[in-house]
Amino acid sequence: MKKNYSFKYFEFTKNYFTTPRKLGHFDLFQAGELEMSENAYIEEHRQVCHEISYILSGEGTFSTEDTELTVHPGDIHIISKDFNHTIKTGKNKGIRFACIGFTFNEKYPHDTLGSIVQLFEECPVRVIHDNGEIGRLFSMLIGELYNGDKYSTVACESIINCILIMTERLFSGNTQKRFLPEQSENFIGQPLYDIIRYIDRTTPNCPGVSDICQSFNYSESYISHLFKEKLGISIRDYIISSKLNYAKLLLTEGKQTVGGIAHILGYGSSQSFCKSFKKQFGLSPSEFKSSFEVQKTAEQDTCISTNGSCTGA
C-alpha cells in the first residue's frame, strides 16, 4: 500500500505490494531501510501485511489503533495485518529503521511453527529490545535481497525464518540454553563471555557500559574488574575496539563515507572518530582505505599475471 510521507527521508527498500514475492512459505511485501527526519510522520495507513521493524538509530513513536509505543535503537516492533498504523518523530529526534512486511501463505508449517503465527494473531502490536541477534539478521537479509544471485531466494527464506524464530523466542521468553565450555586456565567465565558476545553482536549500536551492566544485573565495578583481570583492558576500551574494527569493515566495503561511518558508530564528529581510529591503528580512516585499495589492486594484478585471470578475487 502506498503511504503518504511528510519529511526529509531516504528509503532503501524493495517493494512487492503489487505482486508479493514468494519465498517458500512466506509472501514478501517489502524489505529494506528507511530514515525519517525530526518532526516527521507517515500518514495513517492500513496494514496489508504483518511487519517487523528493527530500530537502527534515533527515536520515534509507532502508533497502532489506540496504542502508541516509543521505540529506541535496538528495539523490535511488530504489527499485524489489517490494523491502522502510523509513525511519527519529535523535535530533534529523527529515526532510522529496517523492516520486513510479509504474510504466511498456504505452505506455512503450522504443525511445527504455529506459535510464530500466534505471535501476530494474539496481539496486533508489540515492542521488545533485541538480544543482539536480530539486528545482524536484518542486515544479512537486506544484503541478500540486493545481491540477487542464484542463492538469494533460498538465503532470504532462511534468514526470514531465523528473524521470526528469534523474535518469537524474545517475546515468549524462551531463551536458548547456554553453551558451557570446559573450564581451563584460560576460561574467562560465563558473565564475561556473555557480555563480550553481547558487545560484539550489538556493534555498532552497542549501548553504554552502565546500560550493559544493568541489562545483565551486574555492578559496573564487578564487570570492570573482570575485564581488567581476564583481558587486561577496560570494558570501555573493548567497546571502542569493537566499533573501530567494525569501521575497518565498512571502509573496506567502500559504501560509506568517513562522516557516515562516524555517525553510524555514534561519534559526535568525524574528527573525534578519525582521532580514535588513528590512535588504534596508526592510520587515519582515509589512509587505511587507500592502503587497502592499493593492496587489493596489487593482489588482483598478481593473480592476473600468474593465472591469466583472477577467478578468486
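Use the structure listed above.
So, a few notes on the structure that sits alongside this text. (Residues numbered from 1 in each chain as written. Predicted model: local features only at pLDDT ≥ 70, side-chain atom pairs only at ≥ 80, totals over all residues. Heavy atoms only, no water.)

Let us look at the overall build of the chain. Along its length, the chain carries 10 helices and 12 strands. Relative to its full complement of 313 residues, the chain shows a buried share of 42%. Put simply, of all contacts in the chain between residues at least 6 apart along the chain, 68% involve residues at least 24 apart. Element-wise, carbon and sulfur atoms account for 49% of the exposed surface of the chain, whose accessible area totals about 17100 Å². (Helix = DSSP H or I, 4+ residues; strand = E, 2+ residues; numbered from the N terminus. Buried < 20%, exposed > 50% of the residue type's maximum accessible area, 1.4 Å probe, protein only. Contact = heavy atoms within 4.5 Å. Areas by Shrake-Rupley, 256 points an atom, 1.4 Å probe, with all protein chains shown as cover.)

With five of five residues buried, strand β9 (residues 75–79) lies mostly within the body of the structure. Along β9, one buried face is formed by Asp-75, His-77 and Ile-79 and the opposite face, lined by Ile-76 and Ile-78, is buried too. Bridge count for strand β6 (residues 50–58) against β9 is four bridges, and the pairing is antiparallel. If you follow Glu-51 over to β9, its bridge partner there is Ile-79. Note that β9 and strand β12 (residues 125–129) share five bridges and pair antiparallel. Residue pairing for β12: Ile-79 is matched across the bridge by Val-125. (Pairing = 2+ DSSP bridges.)

Residues Ile-52, Phe-102, Phe-104, Ile-163 and Leu-164 are the most contacted members of the largest nonpolar core, which totals 34 residues. Broken down by element, this core gets its largest block of residues, eight residues, from helix α3 (residues 152–172). When near neighbours in sequence (up to four residues on either side) are disregarded, Phe-104 contacts His-25, Phe-26, His-50, Ile-116, Val-117, Phe-120 and Leu-164. Core analysis: the second largest hydrophobic core is formed by 15 residues, Ile-195, Ile-199, Leu-226 and Phe-227 among them. (Core = buried A, V, L, I, M, F, W, Y, C linked by side-chain atoms within 4.5 Å.)

Below, the discussion takes up unusual backbone geometry. Cis geometry is found at the peptide bond from Thr-203 to Pro-204, where omega equals 10°. Along the polypeptide, Pro-204 turns up in the loop between α4 (190–202) and α5 (209–215). The phi dihedral of Asp-82 falls on the positive side, at around 75°, and the residue is not glycine. Positive phi, close to 60°, is recorded for Asn-217, a residue that is not glycine. Turning to its location among the elements, Asn-217 is positioned in the loop between α5 and α6 (220–230).

Here the focus is the packing of aromatic side chains. The full count for this structure, using the stated rule, is 17 aromatic pairs. A centroid spacing of 6.1 Å and a plane angle of 65° characterise the contact between Phe-104 and Phe-120, whose relative ring orientation is edge-to-face. In this pair, Phe-104 is assigned in strand β11 (residues 95–104) and Phe-120 in helix α1 (residues 110–122), connecting sequence segments 16 residues apart. Phe-120 sits in the buried class, given a relative accessible area of 3%. Grouping aromatic residues by their ring pairs yields a cluster made of Phe-26, Phe-102, Phe-104, Tyr-108 and Phe-120. The positively charged end of Lys-248 is found above the aromatic ring belonging to Phe-281, 4.4 Å away from the centroid. (Phe/Tyr/Trp six-rings, centres within 6.5 Å; stacked < 30°, edge-to-face > 60°. Lys NZ or Arg CZ within 6 Å of the ring centre and 35° of its normal.)

With that settled, the discussion passes to the packing of α6 against helix α7 (residues 235–253). Two elements in contact, α6 and α7, have axes whose closest approach is 8 Å; the angle formed by their N-to-C orientations is 70°. It follows from the interaxial angle that α6 and α7 lie roughly perpendicular. Residues Glu-220, Ile-223, Ser-224 and Phe-227 of α6 touch α7, and the partners they reach there are Ile-235, Arg-236 and Tyr-238. (Axes fitted to C-alpha atoms, helices over the stretch in contact; angles between N-to-C directions. Parallel < 35°, antiparallel > 145°, perpendicular 65-115°, else oblique.)

The subject of this paragraph is the environment of Phe-29. Mapped onto the fold, Phe-29 is located in strand β4 (residues 26–36). Residues Phe-29 and Val-48 lie 19 residues apart in sequence; the distance between their C-alpha atoms is 8.7 Å.

It is worth spelling out the layout of surface pockets at this point. Considering only enclosed or pocket space, the largest pocket measures out at about 1200 Å³ in volume. The wall of the largest pocket is formed by 36 residues, among which Glu-33, Arg-96, Ser-139, Tyr-246 and Ile-264 lie closest to the centre. The class makeup of the residues in the lining of the largest pocket is 17 nonpolar, 11 polar and eight charged. (1 Å grid on protein atoms, 1.4 Å probe; cavity = no way out; pocket = protein on both sides within 12 Å on 5 of 7 lines; lining within 4 Å. Points joined across faces, edges and corners; volume = space filled by probe spheres on them. Nonpolar A, V, L, I, M, F, W, Y, C, P; charged D, E, K, R; others polar.)

Right, let's talk about α6 for a bit. Within α6 the residues assigned to the buried category are Ile-223, Leu-226 and Phe-227. Projected down its long axis, α6 carries its buried residues within an arc of 95°, all on one side. Summarising the geometry of α6, the exposed residues directed more than 90 degrees from the buried face are Ser-221, Lys-228 and Glu-229. In the core, the buried residues of α6 are packed alongside α4, α5 and α7. Note on α6: the residue one or two positions beyond its end, Gly-232, has a positive phi of about 80°. (Arc of directions from axis to C-beta.)

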